[in-house]
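# Architecture at a glance
Next come the chains, spelled out residue by residue.
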Amino acid sequence: MTATTAIRTAARVVDAVKVYGRGDTEVRALDGVSVDFPVGRFTAIMGPSGSGKSTLMHCAAGLDTLTSGTAYIGDTHLGGLDDRRLTLLRRDRVGFVFQAFNLVPTLSVAENITLPLDLAGGQGDTEWIDALIDVVGLRDRLHHRPSELSGGQQQRVAVARAFAGQPDVVFADEPTGNLDSRSGDEVLGLLGRAVRQTSRTVVMVTHDPVAAAHADEVVFLADGRLVDRMESPTADKVLDRMKAFEVSS
Ligand SMILES: Nc1ncnc2c1ncn2[C@@H]1O[C@H](COP(=O)(O)OP(=O)(O)OP(=O)(O)O)[C@@H](O)[C@H]1O
Ligand SMILES: [Mg+2]
């Protein structure tokens with residue numbers, strides 16, 4: 001094997017432990033998780049409610065800190081950054097999509113998409129943003145306000161915003177949780193296209209097997225531990241795996 005065959009990782013955590021509270025109320029939300037998210041891949045994180053999915057995403061993305069263990073974005077060790085550098089890293093190298101679309105109601109679609117770049121005081125890559133508008137299919141809605149869009153369209157704006165700054169990795173926590181199945185499917189197809197057409201990396205938390213089937217790989221958490229990984233998932237295979245957890249837990 002030569003160095004050129006090595007898979008680069010967009011984000012990874014090593015021996016990640018996250019403890020909330022102390023004493024009687026202590027919760028080990030992450031109990032020694034090591035997982036990597038390779039560049040150019042769409043990974044879904046699945047597991048029962050309370051298994052630590054959101055905690056893993058928040059710690060991997062630098063929104064929260066680990067109790068022990070290490071988190072990296074690319075080669076950057078997040079634990080080694082002060083608050084200012086962490087803020088800059090999140091702004092410049094990480095994109096986020098949340099269940100609630102979190103758009104600014106007074107701004108147009110176009111302004112919402114470029115908001116992170118405007119806040120950073122730059123214009124971004126205008127060709128990239130132009131292409132992105134076509135990927136998300138919002139060319140004819142650019143001057144609308146979010147309230148004039150359907151939920152699915154609003155989430156597509158949020159996806160475009162997450163990718164606007166060409167981040168190393170986009171983290172999405174239940175991005176289809178507020179959408180009907182058809183709009184959800186559109187948003188998932190869009191995340192998949194964004195990964196394939198732009199070689200970007202997406203990490204998505206979901207508890208929907210149909211959503212997970214859009215990913216290249218699924219990692220399964222249970223009780224704060226990584227318990228399985230599945231390449232080329234289908235909704236049926238994921239559902240079977242989830243049922244097995246319920247039987248064994
Ligand atoms: N801020 C917090 N303070 C205390 N406990 C927390 C906090 N955040 C999460 N937890 C606990 O950590 C565990 C993991 O929570 P987490 O939100 O990561 O689960 P999840 O897999 O995302 O669940 P869900 O599918 O319901 O969103 C749970 O037991 C939860 O109650
Ligand atoms: Mg969660």
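These notes cover the structure that comes with them. (Residues numbered from 1 in each chain as written. Chains lettered and ligands numbered in written order. Predicted model: local features only at pLDDT ≥ 70, side-chain atom pairs only at ≥ 80, totals over all residues. Heavy atoms only, no water.)

This brings us to helix α6 (residues 181-198). With 18 residues, α6 extends 25 Å from end C-alpha to end C-alpha; this agrees with the ideal 26 Å at 1.5 Å per step. Of the residues making up α6, those classed as buried are Ser183, Gly184, Val187, Leu188, Gly189, Leu190, Leu191, Gly192, Ala194, Val195 and Thr198. Check the buried side of α6 and you find it contacts β3 (42-46), α4 (126-135), α5 (151-163), β8 (202-205) and α7 (209-212). With a side-chain oxygen positioned 3.1 Å from the backbone nitrogen of Arg182, the residue opening α6 is Asp180. One or two positions beyond α6, positive phi appears at Ser199, with a value near 55°. (Helix = DSSP H or I, 4+ residues; strand = E, 2+ residues; numbered from the N terminus. Expected span 1.5 Å × (residues − 1). Buried < 20%, exposed > 50% of the residue type's maximum accessible area, 1.4 Å probe, protein only. Contact = heavy atoms within 4.5 Å. Polar contact = N/O pair within 3.5 Å; in protein donor to acceptor, adjacent residues only side chain to side chain.)

This part covers the pattern of salt bridges. Under the counting rule described, the total for this entry stands at 14 salt bridges. We note a salt bridge from Arg139 to Asp134, for which the minimum N-O separation is 3.1 Å. We classify Arg139 as partly exposed; its relative accessible area is 37%. Residue Asp134 is classed as partly exposed on the basis of its relative accessible area of 48%. The partner of Arg141 in a salt bridge is Asp140, and the shortest N-O contact between them spans 3.3 Å. Of the residues examined, Arg141 reaches a relative accessible area of 26% and is grouped as partly exposed. Classification of Asp140 by relative accessible area gives exposed; the value is 54%. Through salt bridges with shared partners, a single network forms among Arg41, Glu217, Arg229 and Glu231. (Salt bridge = Lys/Arg side-chain N within 4 Å of Asp/Glu carboxyl O.)

Overall, antiparallel pairing links the four strands, which are arranged β2-β1-β4-β5 in an open sheet. Each of the sheet's edge strands pairs with one partner strand only, and the pair in question is β2 (27-38) and β5 (76-77). Pairing of strand β1 (residues 9-20) with β2, which is carried by nine bridges, proceeds in the antiparallel orientation. Paired with Val17 across the two strands is Asp31, which belongs to β2. (Pairing = 2+ DSSP bridges.)

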